[in-house]
Amino acid sequence: MQGISNGVEDTGGAGKVSRGSERELKSHKRETKETMWGTLSRARRSMICLPHPTAVCSNVRTRIAGPIVQPVSYKEQVEFLDWLKERGQRDAYLSTTVGISTHGRALFATRPIQAGERVLRVSRDLLITPDKLPKEVTKLLPQDVSEWARLALFLLAEQHKGQESTWSPYISCLPPLGAIHSTVFWKKEELELVRHSSLHRETVQRKAIIGAEFAAVQPALQRCTHIFGERIAQTDFKHAYATVCSRAWGIEALQTLALVPFVDFFNHESYCQALLSYDEEQGYAEVIADRDYAVGSQVVLSYGRLPNSILALDFGFTLPENPHDQVEVWMGVSRRDELRKLKLQLLHAHDMPTFLHADGSDSGGSGFNIRFVKSAIGRGKGIPHALRAFARVLCVDNAQELTEMAAEATKLDGRLARRPLKDKNREAQAMSLLLARLESMMQQRHSALLTLRLVETCRGSNSGSKSPVTVHVQMAGAVVSGEMRVLRSAIAWLRNHCSPSTVLT
């Protein structure tokens, strides 16, 4: 299982629940100083951090997919359902049962289900939250150890207990070591296949976070061998951490991250409107059907509006023709630009921060996510206004024009260069600059796709269809192809708006 964060409507009074994903939330330190355009509020962005559990996730749907894991045996399935019943969770499986689909294990309707009907309900008592970690362990952990790491430690502790664990029937249904295809487990040469995607950077950052968390929990692991066993290798911790990343939900009402047994069996469909929600008054998590299901139909859930890059990192799978694919576009002010300092001050003063290097120096640039642009002749929805604004600032060649931009932003809503420039030639120049950047990115991915096809050809006869190498190459191909599809749509729009005669006003 897996997820990310976007907006979602409450259903039936239930509270918001978000998929656990580290993708888009950053840690910030803000500096304030005076500039010619007023107070400068500059966000110092560090390494991408794991998201706060109160982030909210959203709707989604295309094809059904789920993490590739070993199917649950019939014996494990029966034991798990008996365990739920013993813990008073009969409502959890009144409408569904666990079975095997082409994507591995899944949930299937055992009776006709109507849209708007509750499919599943799990009580608060069954949620696995970080506070369930033994106090003996908790007191040895640094305060900044994340909830993700704490849940990973919980899984490791319960696995060490084996059949004596209260949670054994659930733990036995989790994927074994080597069964999760998240990019954090890819070999270096496999990760190189997505070198030009933000997925590469985010994977490297995630691995660094896991390494740092593993170092931070060492005192607890070393002093609590009666809880964890004599030695927990980093590989074991990494697997437990990835298991949490692919299954944890952020529950806003409880202000915590949680594993929700049985919800793990739901596969993801990108157009599905069904979400996990939490009823604070009744104290249970539930899933409401977004459509009718016949007996024997697979019942699905939305993990969120997730691009393939996030699905690959968090869950270890991708979707063909994913409608939520996106591409990160990097734009920066050149160090050779005589107006560099003034441009950066202007950007920072209008809440358009730039990334800092590890040494504290300003990169002068920032990343923007673009999505598929449906129409080449419309308003370009999918290309962020902030990205267009950044391109307009880059094209300015005199200080007076920057001052005028700042004055116009003050007169309007405070946002910088959000409207097309009055000088149509200058506006066309800005869009041409952006077009050149996207065309360069398109060429990079075209070359990467050729390499991927070569790798598939060379290894096709030597690897099985389900071997890790084959799966990873296919996932890389889906990520690159999805990004190319987004870039192609944005390029088509920009080509229609790079001439002064076609600039929108």
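- Looking at an unreviewed UniProt entry, one finds the protein chain named SET domain-containing protein, with Marchantia polymorpha as its source organism.

### A short note on the packing of aromatic side chains
So, step 1. Tallied over the entire structure, the rule returns 14 aromatic pairs.
So, step 2. Pairing Tyr303 with Phe315 gives two aromatic rings, centres 5.1 Å apart and planes at 50°, and the pair type is tilted. Taken as a pair, Tyr303 in the loop between strand E13 (298-301) and helix H10 (308-315) and Phe315 in helix H10 lie far apart in primary sequence, twelve residues in all. When sorted by exposure, Tyr303 lands in the same class as Phe315, which is buried.
So, step 3. Geometrically, the ring pair formed by Phe368 and Phe390 is edge-to-face, given 5.6 Å between the ring centres and 65° between the ring planes. Of the two residues, Phe368 sits in strand E15 (residues 365-371) while Phe390 sits in helix H12 (residues 385-395), which places them 22 residues apart along the sequence. Of the two residues, Phe368 and Phe390, neither departs from the other in class, the shared state being buried.
So, step 4. Grouping aromatic residues by their ring pairs yields a cluster made of Phe80, Trp83, Phe154, Trp167, Tyr170, Phe262 and Phe265.
So, step 5. The residue whose ring lies beneath Arg87 is Trp167, and the NZ or CZ to ring-centre distance is 4.5 Å.
So, step 6. It is Arg121 that lies over the ring of Tyr284; its NZ or CZ is 4.5 Å from the centre.

### Description of the pattern of salt bridges
So, step 1. In this structure the tally under the stated criterion is 19 salt bridges.
So, step 2. The salt bridge partner of Glu328 is Arg201, with a shortest N-O separation of 2.7 Å. Residue Glu328 is found in strand E14 (residues 326-332), and its partner Arg201 is found in helix H6 (residues 198-216); the two are separated by 127 residues along the sequence.
So, step 3. Accessibility expressed as a relative area gives 24% for Glu328, which makes it partly exposed.
So, step 4. In this structure Arg201 comes out as partly exposed when scored by relative accessible area, which is 30%.
So, step 5. A salt bridge links Arg392 to Glu427, with the shortest nitrogen-to-oxygen separation between them at 2.9 Å. With Arg392 in helix H12 and Glu427 in helix H14 (residues 424-460), this residue pair connects regions lying 35 residues apart in the sequence. Each member of the pair Arg392 and Glu427 is classed as buried.

### Thoughts on the confidence of the model for the protein chain
Segments scoring low in pLDDT should not have their predicted coordinates read at a detailed level.
So, step 1. The predicted model of the protein chain has a mean per-residue pLDDT of 84, with 82% of residues at 70 or higher.
So, step 2. The low-confidence segment residues 21-63 (pLDDT under 50) makes 179 contacts with residues lying over four places distant or belonging to another chain.

### Regarding the sheet that holds strand E11 (residues 276-279)
So, step 1. Ordered by their spatial adjacency, three strands build an open sheet running E7-E12-E11, and the pairing between neighbours is antiparallel. Edge strands, defined here as strands with exactly one partner in the open sheet, are strand E7 (118-123) and E11. Strand-to-strand, the axes of this sheet are offset by a mean angle of 25°, without reference to chain direction.
So, step 2. Note: E7 against strand E12 (residues 284-288), five bridges, orientation antiparallel.

### Let's talk about the packing of H6 against helix H9 (residues 234-247)
So, step 1. Relative to each other, H6 and H9 sit at 120°, their axes nearing to 10 Å. Between H6 and H9, the angle is such that the two are oblique. Where H6 crosses over H9, the handedness of that crossing is right-handed. From H6, Arg206, Lys207, Ile209, Ile210, Gly211, Glu213 and Phe214 reach across to H9, where they touch Gln234, Phe237, Lys238, Tyr241 and Cys245.
So, step 2. Looking at the contact of H6 with H9 residue by residue, the classes come out as six nonpolar, two polar and four charged.

### What to know about the nonpolar core
So, step 1. Judged by nonpolar contacts, the single largest core of 73 residues is most densely connected at Leu153, Phe228, Phe237 and Phe262.
So, step 2. With residues up to four places along the chain from it excluded, the contact list for Phe262 reads Phe80, Leu81, Leu84, Ala92, Tyr93, Thr96, Val98, Leu107 and Leu120.
So, step 3. In this structure, Leu191, Cys395, Val455 and Val469 belong to the second largest nonpolar core, which totals 63 residues.

### Overview of the side chain of Arg291
So, step 1. Structurally, Arg291 is set in the loop between E12 and E13.
So, step 2. With relative accessibility at 18%, the residue Arg291 sits in the buried group.

### Regarding helix H11 (residues 340-349)
So, step 1. Within H11, seven of the ten residues are buried, leaving the element largely enclosed by the surrounding structure.
So, step 2. By the burial criterion, the buried members of H11 are Arg340, Lys343, Leu344, Gln345, Leu346, Leu347 and His348.
So, step 3. Asp351, located one to two residues past H11, shows a positive phi value of around 60°.

### A look at the pairing of E13
So, step 1. The side-chain alternation of E13 yields two buried faces, one formed by Gln298 and Val300 and the other by Val299 and Leu301.
So, step 2. Two elements, strand E6 (residues 104-109) and E13, share two bridges in a ladder whose sense is antiparallel. Bridge pairing in E13 places Leu107 opposite Val299.
So, step 3. Pairing analysis gives two bridges linking strand E10 (residues 267-269) to E13, with the strands arranged parallel. Residue pairing across strands places Asn267 opposite Val300, the latter belonging to E13.

What counts and how
Residues numbered from 1 in each chain as written. Predicted model: local features only at pLDDT ≥ 70, side-chain atom pairs only at ≥ 80, totals over all residues. Heavy atoms only, no water. Phe/Tyr/Trp six-rings, centres within 6.5 Å; stacked < 30°, edge-to-face > 60°. Helix = DSSP H or I, 4+ residues; strand = E, 2+ residues; numbered from the N terminus. Buried < 20%, exposed > 50% of the residue type's maximum accessible area, 1.4 Å probe, protein only. Lys NZ or Arg CZ within 6 Å of the ring centre and 35° of its normal. Salt bridge = Lys/Arg side-chain N within 4 Å of Asp/Glu carboxyl O. pLDDT = per-residue confidence, 0-100. Contact = heavy atoms within 4.5 Å. Pairing = 2+ DSSP bridges. Axes fitted to C-alpha atoms, helices over the stretch in contact; angles between N-to-C directions. Parallel < 35°, antiparallel > 145°, perpendicular 65-115°, else oblique. Left-handed = near helix turned anticlockwise from the far one by under 90°. Nonpolar A, V, L, I, M, F, W, Y, C, P; charged D, E, K, R; others polar. Core = buried A, V, L, I, M, F, W, Y, C linked by side-chain atoms within 4.5 Å.

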